[in-house]
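This is what each chain is made of:
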Amino acid sequence: MVTEIDAPGSDDRLVVSGAAKSYGRPGAQRPALADVDFSMNRGQFVSIIGPSGCGKSTLLRLMAGLEHPDTGSVSIFGSTPAEASAAKMIGFMPQVPALLPWLSVLENVRIPLKVNRRADARRRELPGHRPPGTADPVALLTELGLADSVRALPHQLSGGMQQRVAIARAFATQADVLLMDEPFSALDEFTREATQDQLLKLWQKLVTTVVFVTHSVSEAVVLSDTVVVMSPRPGRIAAVVPIDVPRPRRHGLVEAKVLHDYQDLIRSKLQSAGVSSS
Ligand SMILES: Nc1ncnc2c1ncn2[C@@H]1O[C@H](COP(=O)(O)OP(=O)(O)O)[C@@H](O)[C@H]1O
Ligand SMILES: [Mg+2]
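Residues numbered from 1 in each chain as written. Chains lettered and ligands numbered in written order. Predicted model: local features only at pLDDT ≥ 70, side-chain atom pairs only at ≥ 80, totals over all residues. Heavy atoms only, no water.

A. Seen up close, the pairing of strand S7 (residues 209–214). Extensive coverage of S7 is indicated by the burial of six of its six residues. Of the two faces of S7, both are covered, the one formed by Thr209, Val211 and Val213 as well as the one formed by Val210, Phe212 and Thr214. Note that strand S3 (residues 45–49) and S7 share five bridges and pair parallel. Within the sheet, the bridge partner assigned to valine 46 lies in S7 and is valine 211. Judged from the five bridges that link them, strand S6 (residues 177–181) and S7 form a sheet pairing that is parallel. Paired with leucine 179 across the bridge in S7 is valine 211. Assessed by its sense of winding, the connection that carries the chain from S6 through helix H7 (residues 189–205) to S7 is right-handed. (Buried < 20%, exposed > 50% of the residue type's maximum accessible area, 1.4 Å probe, protein only. Helix = DSSP H or I, 4+ residues; strand = E, 2+ residues; numbered from the N terminus. Pairing = 2+ DSSP bridges. Right-handed = clockwise from strand over helix to strand, strands pointing away.)

B. Examining the packing of aromatic side chains more closely. Under the defined criterion, the tally for this structure stands at three aromatic pairs. Considering the side-chain rings of phenylalanine 45 and phenylalanine 212, the 5.7 Å spacing of their centres and the 40 degrees angle between planes classify their relative orientation as tilted. Here phenylalanine 45, found in strand S3, pairs with phenylalanine 212, found in strand S7; they are 167 residues apart in sequence, far enough to count as distant. For the pair phenylalanine 45 and phenylalanine 212, one class covers both residues: buried. Each ring, one from phenylalanine 184 and one from phenylalanine 212, has its centre 5.6 Å from the other, and the planes form 55 degrees; the classification is tilted. (Phe/Tyr/Trp six-rings, centres within 6.5 Å; stacked < 30°, edge-to-face > 60°.)

C. Quick look at the site of ligand 1. Near ligand 1 the following residues occur: Tyr23, Ala32, Pro51, Ser52, Gly53, Cys54, Gly55, Lys56, Ser57, Thr58 and Arg61. Contact distances for ligand 1 include 3.2 Å between an oxygen atom and a backbone N or O atom of cysteine 54. Here an oxygen atom of ligand 1 sits 2.5 Å away from a polar atom, N or O, in the side chain of threonine 58. If one sorts the elements of the shell around ligand 1 by residue count, helix H1 (residues 56–64) sits on top with four residues. Classifying every residue of the shell around ligand 1 gives four nonpolar, five polar and two charged. (Near = heavy atom within 4 Å. Polar contact = N/O pair within 3.5 Å; in protein donor to acceptor, adjacent residues only side chain to side chain. Nonpolar A, V, L, I, M, F, W, Y, C, P; charged D, E, K, R; others polar.)

D. Examining the layout of surface pockets more closely. Approximately 300 Å³ is the volume found for the largest pocket. If you trace the largest pocket, you find 15 residues lining it, with Gly91, Phe92, Pro112, Arg169 and Ala170 closest to the centre. In terms of residues, the lining of the largest pocket owes the most to one element, strand S5 (residues 90–93), which gives four residues. Of the residues belonging to the lining of the largest pocket, the class tally is 10 nonpolar, three polar and two charged. (1 Å grid on protein atoms, 1.4 Å probe; cavity = no way out; pocket = protein on both sides within 12 Å on 5 of 7 lines; lining within 4 Å. Points joined across faces, edges and corners; volume = space filled by probe spheres on them.)

E. Here's a closer look at the sheet that holds strand S1 (residues 13–23). Judged by pairing direction, the sheet is antiparallel, and its three strands sit side by side in the order S2-S1-S4 without closing on themselves. The sheet terminates laterally at strand S2 (30–41) and strand S4 (71–76), the two strands that pair on one side only. Each neighbouring strand pair of the sheet contributes to a mean axis angle of 20 degrees, computed without reference to strand direction. Where S1 meets S2, eight bridges bridge the pair, whose relative direction is antiparallel. Pairing of lysine 21 across the sheet is with leucine 33, part of S2. In this fold H1 packs onto S1, S2 and S4, with an angle of close to 120 degrees to the strand it touches most, S1. (Axes fitted to C-alpha atoms, helices over the stretch in contact; angles between N-to-C directions. Contact = heavy atoms within 4.5 Å.)

F. Representation of the pattern of salt bridges within the structure. The tally for this structure, following the rule as stated, stands at 11 salt bridges. With its nearest N and O atoms 3.9 Å apart, the salt bridge here joins aspartate 70 to lysine 21. One end of the pair, aspartate 70, is in the loop between H1 and S4; the other, lysine 21, is in strand S1, and 49 residues separate them in sequence. Residue arginine 192 pairs with glutamate 219 through a salt bridge whose shortest N-O separation is 3.1 Å. (Salt bridge = Lys/Arg side-chain N within 4 Å of Asp/Glu carboxyl O.)

G. Representation of the sheet that holds strand S8 (residues 226–231). Read across the sheet, six strands follow the order S5-S6-S7-S3-S8-S9 without closing on themselves; strand pairing throughout is mixed. Every interior strand has two partners, whereas the edge strands, S5 and strand S9 (236–242), have only one. When the angles between neighbouring strand axes are averaged without regard to direction, this sheet yields 15 degrees. Across the sheet, helix H9 (residues 253–272) lies against S3, S8 and S9, angled at about 165 degrees from S9, the strand it touches most.

Here you go:
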C-alpha cells in the first residue's frame, strides 16, 4: 500500500514504493529499511522524523540516487533518482555545511552552477521537470541575510551563517526537490529558528519540494505540510501526520497551542512506534 500524502497527479509526485534496504555481508545482513511506501506532491514540505538509526538518512540517499533499494523503487516526478540527479533536479543538503574552505561564500554558492553544465539539456528531456533555471546567488545570499559576507571565507562565518550558505547553494540550481538531512541539528535554538524561517521563505518563493529529515518534533511541526513518523529496526513508516496550520506559523498564542498539540500527537505516534523518547 502506498501511503498517499496528497492527491495523486502523474508526473508531479515523488514516490517511494516497497523500498527495502539492508547493509552488511551476505549472510550477516541487517535491514535498515523495510517496506517503505510513500508519495508526496510537488511543492510540499515533508519532514521525516524518527530516532537515530531508524533509516532516515538511508531513505534520503535512496531518493537522491546515492544508493539503490534492494527491492522497490523510487520515482522523482516520473524519473529515476539517477536520471533526476544527473539532470540536477535534486539538491542534497547534508548535516554539515561541507563548504570548500578556500572559496569565498559567493564562489561556494556558484559551484553547482559551474559543474555539469550539460544537466540543463538532460533536464529538458525528462518528464516532470520544471524549466531549468538558476536563482541569482547574490540575491539568494541577500535573502538569507548574508549580503555583507559574499566575499568572506567560510571559516570567517559562524556555524549558522555557514549553514545558510549551504542553503543558498542548495537553492542555486532551482532543483525540483531539495533533500535535507538534519541540516539544523548543530545550531543553537535562536539561530535555528531564524534559519528555519529563512528556509521556509525560500521554499515558498522558489516553489520547491522539500524532504527534510529531523529528529526534532517541534522543528518538524513548525516547518512541514506533513510529518512522516518512522519506527526503528528496521525503519518503517509508522504514521503520516498532516499539519493543518496556516502559514506563517509561530505567531500568536492560539497557533502556539495548536502547534503544541501536534507535537504531542507526533510524540504519541513515536511512542506507539516503539520509540522511548525523542
Ligand atoms: N553504509 C552503511 N553500512 C552499514 N550500515 C549502515 C550504513 N548506513 C547506515 N547503516 C545502518 O543502517 C541503519 C540506519 O542508518 P541511517 O539511515 O543512518 O539512520 P538515521 O539517519 O535514521 O540515523 C543503522 O543501523 C545504520 O547503522
Ligand atoms: Mg541520519
